[in-house]
Amino acid sequence: MPTTPELSLLAINLTKRCNLACAHCYLDATTLRDGSCNELSTEQVKTLLDDIATMDNGTMVVLTGGEPLARQDIEQIIEHGTKRDLAMVLGTNGTLLTKARVARLQLAGLMGAGISVDSLDPEFHDQFRGQAGSWQQTMNGIENCRAAGLSFQLHFSITDGNVHELNDMIEFARLAGARVLNLFFLICTGRGESFSDISPLRYEQTLHEIVKAQARYDDLIIRPRCAPHFKRVAFEQNPESPLNRLSGREGDGCIAGIHYARIRDDGGVTACPYIETSTGNIHDHKFSEIWQQSHQFEQLRDAPLQGRCGRCEFQKLCGGCRARPLVAGNGLMDADDFCVYVPRSKDIIEPLADHTQDILWTDEAHARLQRIPRFIRKMVKKRAETYVAGLGQARVTTDHLSTLSAKRFGGKPPPRPAS
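Criteria and cut-off values
- Residues numbered from 1 in each chain as written.
- Predicted model: local features only at pLDDT ≥ 70, side-chain atom pairs only at ≥ 80, totals over all residues.
- Heavy atoms only, no water.
- Helix = DSSP H or I, 4+ residues; strand = E, 2+ residues; numbered from the N terminus.
- Buried < 20%, exposed > 50% of the residue type's maximum accessible area, 1.4 Å probe, protein only.
- Contact = heavy atoms within 4.5 Å.
- Areas by Shrake-Rupley, 256 points an atom, 1.4 Å probe, with all protein chains shown as cover.
- Pairing = 2+ DSSP bridges.
- Right-handed = clockwise from strand over helix to strand, strands pointing away.
- Salt bridge = Lys/Arg side-chain N within 4 Å of Asp/Glu carboxyl O.

Considerations on the overall build of the protein
1) Next: Helices and strands together make up the secondary structure of the protein, namely 15 helices and 11 strands.
2) Next: Taking all 419 residues of the protein together, the buried fraction comes to 56%.
3) Next: Intrachain contacts of the protein at a sequence separation of at least 6 include 72% that bridge at least 24 residues.
4) Next: Accessible surface, the protein as shown: approximately 18200 Å² in total, 50% of it carbon and sulfur.

This is how it looks when you write it as structure tokens:
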């Protein structure tokens with residue numbers, strides 16, 4: 001029986017309530033003001049977190065919505081998860097991040113926040129978010145996090161209307177003090193079904209721009225999300241980089257059902273927010289049991305890709321988005337037709353992740369690795385070993401870790417939860 005992969009990231013949609021009405025939201029938010037009658041209670045969420053903690057993966061838990069700060073029990077939930085050694089973070093529109101709320105969140109143990117900014121043009125952002133004045137409120141929230149020392153990243157949803165702002169948004173993220181700029185490519189579900197997306201060709205061009213931008217900036221992680229083709233583009237631009245030979249399943253591709261899952265506000269479990277079909281419900285079974293036994297998750301982990309994706313030489317580095325075929329009315333493992341790449345070789349490019357078993361660590365490097373938050377320790381270990389193997393060396397040192405830290409975090413260590 002194959003080993004169940006580790007759950008690295010879990011998103012919990014705590015509520016459908018939201019103070020905004022974003023045109024692109026994947027939630028069909030018909031209960032914006034009052035939430036739904038079957039919304040998970042505080043105690044149910046705490047029980048869920050207890051179950052996640054028994055999996056002993058040091059999972060990062062993303063509390064999202066709707067707008068999670070619409071729930072007044074959010075601090076209780078964060079404190080409970082932190083005490084269970086889970087990395088608790090928040091996905092928010094930022095408008096409710098007042099100084100007082102940020103202080104309470106930090107006291108509860110919040111590790112960081114992901115804040116959505118869709119344009120540097122206040123009018124565009126406000127229209128995108130469905131409320132006048134929301135841009136300024138979000139800017140205030142960002143500043144409140146920065147002033148309080150709460151680690152944050154920015155989330156930028158790319159569309160036809162704002163793709164031209166990419167470079168300006170990167171520079172803004174740097175100046176604002178964000179650790180990461182996540183660039184989301186929309187998958188049209190929920191209210192987003194009627195929202196205009198960028199074309200596949202513009203999507204491809206943007207991925208090339210993102211890879212080039214990351215090469216220019218050592219002090220900011222710039223990563224596309226819901227865009228596993230990024231792995232192929234990065235390899236095409238620099239096939240000599242060992243980091244570009246890591247499997248996309250290890251963080252830069254689609255990890256839905258492999259290292260990631262989503263729980264809806266009613267307890268339904270899905271592989272990602274854009275795969276709407278539930279594969280179980282935590283009211284009926286523990287999440288840990290669903291994670292181990294779900295047929296859908298087994299497909300995502302082991303079933304062969306079909307169509308063009310199944311013929312592509314980059315299938316192990318990329319794998320395509322698994323939600324887009326479903327949205328198009330096809331099967332879970334069918335081709336992701338948003339990708340414009342035409343397979344050119346029958347020889348599959350093998351990831352380097354399996355060729356690092358002989359790499360050793362110095363005592364100093366190993367001690368430094370143990371100080372890294374557990375939820376990203378495995379990823380850092382794999383990246384370090386792959387990097388050292390690519391150099392033709394056999395032992396990871398603290399110098400190697402410092403080099404990788406400079407490339408990923410601007411020389412600063414990854415954020416740690418408050419003690």
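Focus: the pairing of strand E3 (residues 87–92)
Taken residue by residue, a regular strand's side chains alternate between the two faces of the sheet.
1) Next: Most of E3 sits inside the fold, with six of its six residues counted as buried.
2) Next: Both faces of E3 are covered, namely the face carrying Ala 87, Val 89 and Gly 91 and the face carrying Met 88, Leu 90 and Thr 92.
3) Next: Note that strand E2 (residues 60–64) and E3 share four bridges and pair parallel. Looking at E3, one finds that Val 62 is bridged to Val 89.
4) Next: In this fold, the crossover linking E2 to E3 by way of helix H2 (residues 74–83) has right-handed handedness.
5) Next: Relative to strand E4 (residues 112–116), E3 runs parallel, the two sharing four bridges. Bridged to Val 89 within E4 is Gly 112.
6) Next: In terms of handedness, the path from E3 via helix H3 (residues 99–108) over to E4 forms a crossover that is right-handed.

Overview of the environment of Leu 96
1) Next: Tracing the chain through its elements places Leu 96 in the loop between E3 and H3.
2) Next: The sequence separation of Leu 96 and Pro 68 amounts to 28 residues, and the corresponding C-alpha distance is 9.8 Å.
3) Next: Here Leu 96 is in contact with Asn 19, Glu 67, Leu 69, Ala 70 and Arg 101, once residues within four sequence places are set aside.

Some words on the pattern of salt bridges
1) Next: Following the criterion strictly, the structure yields 20 salt bridges and no others.
2) Next: Between Glu 39 and Arg 17 there is a salt bridge, and its shortest N-O distance comes to 2.5 Å. Here Arg 17 lies in the loop between strand E1 (9–13) and helix H1 (42–54) and Glu 39 lies in the loop between E1 and H1, a separation of 22 residues in the sequence. Exposure class is identical for Glu 39 and Arg 17. Each is buried.
3) Next: The salt bridge involving Glu 75 is made with Arg 104; its shortest N-O contact spans 3.8 Å. Taken together, the positions of Glu 75 in helix H2 and Arg 104 in helix H3 put the pair 29 residues apart, joining distant regions of the chain.

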